[in-house]
Structure formats: C-alpha cells, structure tokens
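Secondary and tertiary structure notes
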Amino acid sequence: MTSFKFQKPDHIKENGLVVKWQFIIFSLAFILGFFVGPVLPKTPSEMVFKMVDMLFICGTILLAVKLAREGWDLAATGFTILGIGWGVIFAALDFQHLEIDMEVRTSAAYFFLPCMILIAQYKPFPTWLKLFTVWCMVPFIISLFVQKINPHNEKLLMTWLIWGFNSFHIVSLIWGIFFYRQYKKEQKDLSKHQADNSDN
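Everything in this summary refers to the structure shown in the same document. Here, residues in each chain are numbered from 1, in the same order as that chain's written sequence. Per-residue local features of the predicted model are confined to residues with pLDDT of at least 70, and side-chain atom pairs are confined, for both listing and counting, to 80 or more; whole-chain, interface and lining totals are unaffected and use all residues. With hydrogens and water set aside, each side-chain value is computed from the structure's full complement of heavy atoms.

A short note on helix α1 (residues 11-36)
- Put simply, DSSP marks the helices as runs of H or I at least four residues long and the strands as runs of E at least two long, and each gets a number from the N terminus on. One less than the residue count of a helix, multiplied by 1.5 Å, gives the span that helix is expected to have. Between the first and last C-alpha of α1 there are 36 Å, a value that for 26 residues agrees with the 38 Å anticipated at 1.5 Å per step.
- Categorising residues by exposure relies on relative accessible area from a 1.4 Å probe, with only protein chains included: less than 20% of the type maximum marks a residue as buried, more than 50% marks it as exposed, and the intermediate range marks it as partly exposed. Buried residues of α1: Asn 15, Gly 16, Val 18, Val 19, Gln 22, Ile 25, Phe 26, Ser 27, Ala 29, Phe 30, Leu 32 and Gly 33, and no others.

With respect to the packing of helix α3 (residues 73-92) against helix α5 (residues 109-119)
- Convention adopted: a line fitted to C-alpha atoms gives each axis, helices being fitted over their contacting stretch, and angles between N-to-C directions are expressed from 0 to 180 degrees. Contact geometry of α3 with α5 gives a least axis separation of 7 Å together with a crossing angle of 150 degrees. Of the possible angle classes, the one that applies to α3 and α5 is roughly antiparallel. The handedness of the crossing between α3 and α5 is left-handed. Residues Leu 74, Ala 75, Thr 77, Gly 78, Phe 79, Ile 81, Leu 82, Ile 84, Gly 85, Trp 86, Val 88 and Ile 89 of α3 form the contact with α5, whose participating residues are Phe 111, Phe 112, Cys 115, Met 116, Leu 118 and Ile 119.
- Residues belonging to the contact of α3 with α5 are distributed by class as follows: 15 nonpolar, 3 polar and no charged. Geometric relationships in this document are graded by angle, where less than 35 degrees denotes roughly parallel, more than 145 denotes roughly antiparallel, 65 to 115 denotes roughly perpendicular, and other angles denote oblique. By convention, the crossing between two helices is left-handed when the near helix turns anticlockwise from the far helix through less than a right angle, and right-handed when the turn is clockwise. Residues count as neighbours in contact if any of their non-hydrogen atoms are within 4.5 Å of one another. Gly falls in the polar group here, along with every residue not listed as nonpolar (Ala, Val, Leu, Ile, Met, Phe, Trp, Tyr, Cys, Pro) or charged (Asp, Glu, Lys, Arg).

So, the pattern of salt bridges
- A pairing counts as a salt bridge when a side-chain nitrogen of Lys or Arg comes within 4 Å of a carboxyl oxygen of Asp or Glu. Using the criterion set out here, one finds 2 salt bridges in the structure.
- Here Glu 70 makes a salt bridge to Lys 66, at a shortest N to O gap of 2.6 Å. With Glu 70 and Lys 66 both in helix α2 (residues 42-70) and 4 residues apart, the pair spans about one turn of that helix.
- Residues Asp 189 and Lys 185 are paired through a salt bridge, measuring 3.1 Å at the closest nitrogen-oxygen approach. In this pair, Asp 189 and Lys 185 are both assigned in helix α8 (residues 154-199), 4 residues apart and thus about one turn of the helix distant.

Focus: the packing of aromatic side chains
- Any two of the Phe, Tyr and Trp rings considered here, Trp counted by its six-membered ring, make a pair once their centres fall within 6.5 Å; the pair's planes then place it as stacked at under 30 degrees, edge-to-face at over 60, or tilted in between. Taken as a whole, this structure holds 24 aromatic pairs when the rule is applied.
- With 4.9 Å between their ring centres and 80 degrees between their planes, Phe 79 and Trp 175 make a pair best called edge-to-face. Placement of Phe 79 in helix α3 and of Trp 175 in helix α8 is noted, with a sequence separation of 96 residues between them.
- Overall, the relative accessible area of 0% leaves Trp 175 in the buried class.
- For the pair Phe 140 and Phe 165, a centre-to-centre distance of 5.5 Å together with 90 degrees between the ring planes defines the contact as edge-to-face. Highlighted residues: Phe 140 in helix α7 (residues 137-149) and Phe 165 in helix α8, separated in sequence by 25 residues. Considered together, Phe 140 and Phe 165 belong to a single accessibility category, that of buried residues.
- Among the aromatic residues, those joined into a ring-pair cluster are Phe 26, Phe 56, Phe 79, Trp 86, Phe 112, Phe 140, Phe 165, Phe 168 and Trp 175.
- As a reminder, the over-ring test applies to NZ of lysine and CZ of arginine, requiring each to be within 6 Å of the ring centre and within 35 degrees of the ring normal. Just above the ring of Phe 90 sits the side chain of Lys 50; from NZ or CZ to the centre is 3.7 Å.

Let's talk about the environment of Gly 176
- Tracing the backbone shows Gly 176 in helix α8.
- If we skip the residues at most four places from it in the chain, Gly 176 touches Gln 22, Phe 23 and Phe 26.

Concerning the layout of surface pockets
- By volume, the largest pocket is sized at about 420 Å³.
- Cavities and pockets were defined on a 1 Å grid built from protein atoms only: a cavity is a group of points that admits a 1.4 Å probe but offers it no way out, a pocket is an open group of points flanked by protein on both sides within 12 Å along at least five of seven lines, and a lining residue is one with an atom within 4 Å of any such point. Contributing to the lining of the largest pocket are 18 residues, with Gly 33, Phe 49, Leu 93, Arg 105 and Phe 165 lying nearest its centre.
- Looking at the lining of the largest pocket, the elements with two or more residues in it are α1, α2, α3 and α8.
- Its residues assigned to classes, the lining of the largest pocket comprises 10 nonpolar, 5 polar and 3 charged. Grid points are joined across faces, edges and corners, and a volume is the space filled by probe spheres set on the points.

Notes on the state of the cysteines
- Sulfur atoms of two cysteines make up a disulfide when they are within 2.5 Å. Under the defined criterion, the tally for this structure stands at 0 disulfides.
- Here Cys 115 is not cross-linked by a disulfide; its sulfur's nearest cysteine counterpart is in Cys 136, at 9.4 Å.

Take a look at the structure:
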C-alpha cells in the first residue's frame, strides 16, 4: 500500500508565488488589452479580450487569497466580489451581437459598487491609490444609469464603458506593482533582520 506523507505548506514561499503570479497576470492583461486585442481582426480580437478577462479574474482571486491569509478580510472580500463581477464582463462578450449586450455589461456595476469600496479599505494602500480604486466603479455606474435612461445612446454607453475598462486595467497593474514592491521590501527587511540576529 502506498503511503502519502502530509506536507505542510510553506506560507512564505506560497505568498511569494502568489505575489509574483498576480503581477505577471495583471501585466499580461494590461498588455493584451491595450496593445494586442485592439489591433487584431474581429474574431482573434474577441478571443484575446476573453483571455484578458480570464487573466483579470485570476489576478483578483490571487489577491483575495493573499489578503485573506494576512487578515485583511474586507479587502479580500472586495477582490472576491470583483472577480465575480468581472465574470459578468466575460459572459457579456458572448452577447455582443444581441440587444441585451449593453444591459449585461452595465449590470457589472452592481458588483463594482461594493467591491471597490471594500478594496479601498486595505490600509497599506496610499490615499491616491484608494481614490483611484474607488474611481474605477464610477464609469460603470454612470453607464448603468445611461443604459436604464437612454439605452439607445450606444455611443455614450461605450464611451463610459471604455473609461471603465481602461481604469480597471490601469489600477490592476498598479495593484500588481504595489504588492510586488511590498513583497520585495518585506523580503529585504526579513533578510536584514536574520543577518542582525546571526551577528548577535
């Protein structure tokens, strides 16, 4: 009979992997969303934007896991809800040839309103990043009201939706850089602390 030895997870190592992967994932989503998807023909472009949405969801869930492990429950909840809300955006691409397309896309605002406020409760974020985080929900909320009041004004709807998409991908890249730099600083401080202890 084969025996399996239980391996206790190395949380420091796992945290490092989570931080590195979220940075890579948000960077890829940013590059594909801004520089690759817009220049491709229609069908491959749609596939790229699907991949961008998938990457974005993965990045938010990774941060939710990281912050939950560290005890930042409100922000972790926010990132979880953001991942769920972005799933609405992911699904909306399949409805873009139908009349309900804009209604599906703008409905993501119902998730973005609470989640961005919760994410902004992460105390280590500088004030400017908290404000930018909260701002990201504004274009989607405006697009939701536009869709309810004047659903045939697709030009105005798309303007606000594009503002929303761009804001989210910019702030997600900033999140990625912030957590990566935070991790590197923590590792540097830990190494310095260990070196001081070894000298004593």
